Amino acid sequence: DLGGDNDSFLRLVQVRDLLAGQGWFDLTQYRMGPEGGFVMHWSRLVDAPIAGIMLAVSALSGNAGTGETAALFLWPFLLAVASLFLMLRAARAYGGEAALLPALVIGCGALYFVTIFEPATLDHHNVQVVLTLAALAGVLDPARRSGAGLLAGISCALMMAVGMETLPCVAAIGLLVALLFIFGDAADRDVARGFGMGFGGAGAIAFVATVPPEGWGIVACDSYSIAHFAVAALAGAGMALAASVGPAHRTLPRRLLAMFLLGLLVSVLVGTAFPQCLTDPYASLDPRLKSHWLDLVREAQPLSKLLAQHPGIVVARYVTPLLGLVLAVSAAVGPARRRQDIVVAVLLATTLAVGAWQVRGTTLAIVLAVLPLSAWIGRARSVAATSASPRAAALMIFAWLASFNMTWAVGAAWVGASLDPKSEAETAEVSACTGETDLARLATLPRSTLLAVSNLGAPVLRYSPHRVLAGPYHRNVAGNLVALDAFLGPTDRAKALAVEHDVDFIVLCPGNTETTMFADANPDGLLAALIRGEVPAWLEPTGEGAALRLYRVRPD
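Attention here is on the structure that accompanies the text.

Calculation notes
Residues numbered from 1 in each chain as written. Predicted model: local features only at pLDDT ≥ 70, side-chain atom pairs only at ≥ 80, totals over all residues. Heavy atoms only, no water. Patch = residues over 30% accessible without salt bridge, like charges linked within 9 Å, V, L, I, M, F, W, Y side chains within 5 Å. Areas by Shrake-Rupley, 256 points an atom, 1.4 Å probe, with all protein chains shown as cover. Salt bridge = Lys/Arg side-chain N within 4 Å of Asp/Glu carboxyl O. Helix = DSSP H or I, 4+ residues; strand = E, 2+ residues; numbered from the N terminus. Buried < 20%, exposed > 50% of the residue type's maximum accessible area, 1.4 Å probe, protein only. Pairing = 2+ DSSP bridges. Axes fitted to C-alpha atoms, helices over the stretch in contact; angles between N-to-C directions. Parallel < 35°, antiparallel > 145°, perpendicular 65-115°, else oblique. Left-handed = near helix turned anticlockwise from the far one by under 90°. Contact = heavy atoms within 4.5 Å. Nonpolar A, V, L, I, M, F, W, Y, C, P; charged D, E, K, R; others polar. Expected span 1.5 Å × (residues − 1). Bend = angle between axes of the 7 residues up to and from the residue. Polar contact = N/O pair within 3.5 Å; in protein donor to acceptor, adjacent residues only side chain to side chain.

## Considering a nonpolar patch on the surface
A cluster of nonpolar side chains, namely Leu175, Leu179, Phe183, Leu252 and Leu256, defines an oily patch on the protein surface of about 480 Å² accessible area. Secondary-structure elements contributing two or more residues to the nonpolar patch are helix H7 (167–183) and helix H11 (252–273). If you tally residues by element for the nonpolar patch, the top one is H7, at three residues. In this structure, Leu256 sits in helix H11.

Next up, the structure:
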């Protein structure tokens, strides 16, 4: 049982389906939701390398299980290595040689802390970190070569193709390249030319490679579609053209006019052709799912809510990015400011703003904060090395300690524990039923349709052949509403829904947090009744495991 999260479980299922013959362009998850499934919003660009590792190791070992296990370890490990390599390149460009050792040490600490590089983590967030660091390393390239701009442009296009979470970073990097083109020198124009070619070219390739021809005219705001390709093509081609045509970039006013017109064209394109993509991405979500699901997902919580409910998380995840931002902004507004200072300050501010909207945005902020923090430590080490002052040594020690998220996390946990001591019984862990051991009994049953809370959906698909109705994905509206209405409603309503959707078993895990939340939301509902041991006549208990309860739906 290697662990993992819901998204990693479902990614593995998606890769398995691809290797089993499901079409490259067919992203339907047939075993989740109502009959026929629903179309996922993820990208095959992440599935492909994972599938490649599985195929290669399976061919060498002669065992498909070995190939899968190898992929679970190798893919996040390779991404961690790539992240560290790109982080060190960016740290050298930002803080010089003195920043390398600190970047190595606190960079490893940051990558460990965000947990997205652990074995079995197949979600796309680790890919997004690699691409963001690649784009940053390209923009920070000291030689300011067109090849570095090309790398940044390709990385930004792939960031959009992989997932929409990094769109603010893509916009910020594009704006920075445009500003450097306007106010910089010939080398910055080379970077802008390469960026435009990479952004537009990679955007076109990703569109053809991941969107089926019959879907080229369909606008999807939560996945890569014509809306994002059109912006990449127009913005990339426009920037490359402006940086290549002499009359367009010969003087500052002409460069300013060129970028103003390009920005205007892109704004008109989005505002007239794709205005729906400028609204709240969750605005159309059913209000019941918003209150009973999205508002309870911790990684989707805003900073204001975390401050009131989980201040320890705020301390652990926000302090080092905020400290890094203060350092970066101080350098960017100082008399000795450099282009690197402005780039890092803007990107860090962007990721922190996203983190204030949803805590998951702090993952990128924590990683990017390594650059100003490592430069700070590098300066403190240089001062301490040339001075015998206890004050210099103390400042160096403080810089080291303050730059680790674990320092703040442990401190917050210690203060929280001392202020709110709990008994051992209260803090004892209970199984959330997401591991292979908990779900082993399900794997022995004939293929069936299961009704369970959404947090159990992806684990059930990962470890068994069954179909589930609910899963924590915003496109699975119909399946999630069935589960919500069945578990929160009266037992007769639950029975009608179970019969309507051919449910064979109802699965209950009392230790799962979503189960507890649903039971608390309606003490008179089916889920609360099952937890109390009140089983309606239309359900037949089929025995209990250590953590999982299973109820067969009796035929009429």
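From this point, the discussion proceeds with the structure in view.
## So, the pairing of strand S5 (residues 505–508)
Both faces of the sheet carry side chains from a regular strand, because those side chains alternate between them. Of the two faces of S5, the one lined by Phe505 and Val507 and the one lined by Ile506 and Leu508 are each fully buried. Judged from the two bridges that link them, strand S3 (residues 449–451) and S5 form a sheet pairing that is parallel. Each bridged residue has a counterpart across the sheet, and for Leu450 the counterpart in S5 is Phe505. One ladder, built from four bridges, connects S5 with strand S7 (residues 549–553); its direction is antiparallel. Residue pairing across strands places Phe505 opposite Arg552, the latter belonging to S7.

## Digging into the packing of helix H8 (residues 186–210) against helix H9 (residues 226–244)
In a pair of packed helices, the angle between the axes and the distance between the axes together describe the arrangement. Closest axis-to-axis distance for the H8/H9 pair is 7 Å, and the angle between their directions is 150°. Our classification of the angle between H8 and H9 gives roughly antiparallel. Considering how the two elements wind past one another, H8 and H9 form a crossing that is left-handed. Contacts between H8 and H9 involve Arg189, Ala192, Arg193, Phe195, Gly196, Met197, Phe199, Gly200, Gly203, Ala204 and Phe207 from the first element and Ile226, Phe229, Val231, Ala232, Ala233, Ala235, Gly236, Ala237, Met239, Ala240, Ala243 and Ser244 from the second.

## A word on the packing of helix H6 (residues 146–162) against H7
Their axes nearest at 9 Å, the elements H6 and H7 cross at an angle of 160°. With respect to their mutual orientation, H6 and H7 come out roughly antiparallel. Crossing hand, H6 versus H7: left-handed. Contacts between H6 and H7 involve Cys156, Met159 and Met160 on the former and, on the latter, Leu167, Cys169, Val170 and Ile173. Here the contact of H6 with H7 is composed, by residue class, of seven nonpolar, no polar and no charged.

## Thoughts on unusual backbone geometry
Positive phi, normally seen in glycine, also occurs at Thr115, with a value near 65°. With respect to the helices and strands, Thr115 occurs in the loop between helix H4 (100–113) and helix H5 (125–140). With a phi close to 55°, Asp502 is a non-glycine residue in the positive phi region. Within the secondary structure, Asp502 is located in the loop between helix H24 (491–500) and S5.

## Regarding the environment of Ala496
Mapped onto the elements, Ala496 comes out in helix H24. Residue class for Ala496 comes out partly exposed when judged on its relative accessible area of 40%. Considered as a pair, Ala496 and Ala486 are 10 residues apart in the sequence and their alpha carbons are 8.7 Å apart.

## Quick notes on helix H3 (residues 64–95)
Compared with the 46 Å implied by 1.5 Å per residue over 32 residues, the 46 Å span of H3 between its first and last C-alpha is a close match. In the structure, H3 departs most strongly from a straight axis at Ala71, where the bend amounts to approximately 25°. The backbone nitrogen of Gly65 lies 2.7 Å from a side-chain oxygen of the residue at the head of H3, namely Asn63. After H3 finishes, the residue Gly96 shows a positive phi value of roughly 80°.

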